[in-house]
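Inside the fold
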Amino acid sequence: MSRNFQYAKQFNFFTDKEIEEQLKKSDYKHLYKWFDTDIPNDNPKLIRPSNNFEDKLEKGEIYYFAYIKFFKMDNQLYGIVAGKTKSKLVNRTSDVNFTKNLKYAPKTKWNAKEFLALNNLEWEKSKILVIIPKQTEVETKKEEAKQIENWLQKEFNLFGS
């Protein structure tokens, strides 16, 4: 999808379905799964996934992972951020959050929080797409999650976290 937003740069966003199709087709055959964050979209004060989200990661033995966060426009989900994080098994909590507060935005040009705020768009907070590293050793999972994050950002024109 191409659309002019309040940025000097033209953005091409991929829908959730387009992203899933490409993940299935990639040479790597990425393992991915949708996870409910248990954050209602209609409560702007809630910005962090529940403990239940973390418990699901722990149950799946997902220590390090890459993820894609989405925004909703015209009843369609579009990918906007690819990040990498750790589950609570590693650091007690993941750093996934859905704030639009620009005080927490990276000091780089072009970031998702700014984009959403300038264009009056909202995060899809109720779920995220988790891409699971295939490696079994913790240190190699950590490195693989970083490689997946980089690939996702390039492949789907996504902001960093």
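Read on for an overview of the structure. In this text the structure is predicted, and so the values were computed from the model without any measurement.

1. What to know about the packing of aromatic side chains
Going through the model one piece at a time under the given rule, you end up with eleven aromatic pairs. Put simply, the rings of Phe13, Phe71, Tyr78, Phe115 and Phe159 pair up and form one aromatic cluster. Directly above the aromatic system of Trp34 lies the positively charged group of Lys127, at a separation of 4.6 Å from the ring centroid.

2. Side note on helix H5 (residues 138-155)
Between its first and last C-alpha, H5 extends 25 Å over 18 residues, near the 26 Å set by a 1.5 Å rise per residue. Along H5, the residues that are buried comprise Lys141, Glu144, Ala145, Ile148, Glu149 and Leu152. An end-on view of H5 places all buried positions within 150° of arc, on one side of the element. Relative to its buried face, H5 has exposed residues pointing more than 90 degrees away, namely Glu139 and Lys154. Here the buried face of H5 lies against helix H1 (16-25), strand S4 (64-73), strand S5 (76-86) and strand S6 (122-132). At the C-terminal side of H5, Asn157 shows a positive phi close to 55°.

3. Some words on H1
What H1 keeps buried is the set Asp16, Ile19, Glu20 and Leu23. For H1, the angular spread of buried residues about the axis comes to 100°, placing them on one side. Exposed residues lying more than 90 degrees from the buried face of H1 are Lys17 and Lys25. Buried residues along H1 sit against strand S3 (31-36), S4, S5, S6 and H5.

4. Regarding the side chain of Glu20
Summarising the element assignment, Glu20 is placed in helix H1. Lacking a salt bridge, the buried Glu20 has Lys17 as its closest oppositely charged neighbour, with an N-O distance of 4.1 Å. Separated by 3.3 Å, the side chains of Glu20 and Trp34 make a polar contact. If near-sequence neighbours (up to four positions away) are discounted, Glu20 is found in contact with Tyr32 and Trp34.

Scoring rules and cut-offs
- Residues numbered from 1 in each chain as written.
- Predicted model: local features only at pLDDT ≥ 70, side-chain atom pairs only at ≥ 80, totals over all residues.
- Heavy atoms only, no water.
- Phe/Tyr/Trp six-rings, centres within 6.5 Å; stacked < 30°, edge-to-face > 60°.
- Lys NZ or Arg CZ within 6 Å of the ring centre and 35° of its normal.
- Helix = DSSP H or I, 4+ residues; strand = E, 2+ residues; numbered from the N terminus.
- Expected span 1.5 Å × (residues − 1).
- Buried < 20%, exposed > 50% of the residue type's maximum accessible area, 1.4 Å probe, protein only.
- Arc of directions from axis to C-beta.
- Contact = heavy atoms within 4.5 Å.
- Lys, Arg positive; Asp, Glu negative; His and termini not counted.
- Salt bridge = Lys/Arg side-chain N within 4 Å of Asp/Glu carboxyl O.
- Polar contact = N/O pair within 3.5 Å; in protein donor to acceptor, adjacent residues only side chain to side chain.

Fair warning: the whole summary comes from geometry, so function is off the table for now.
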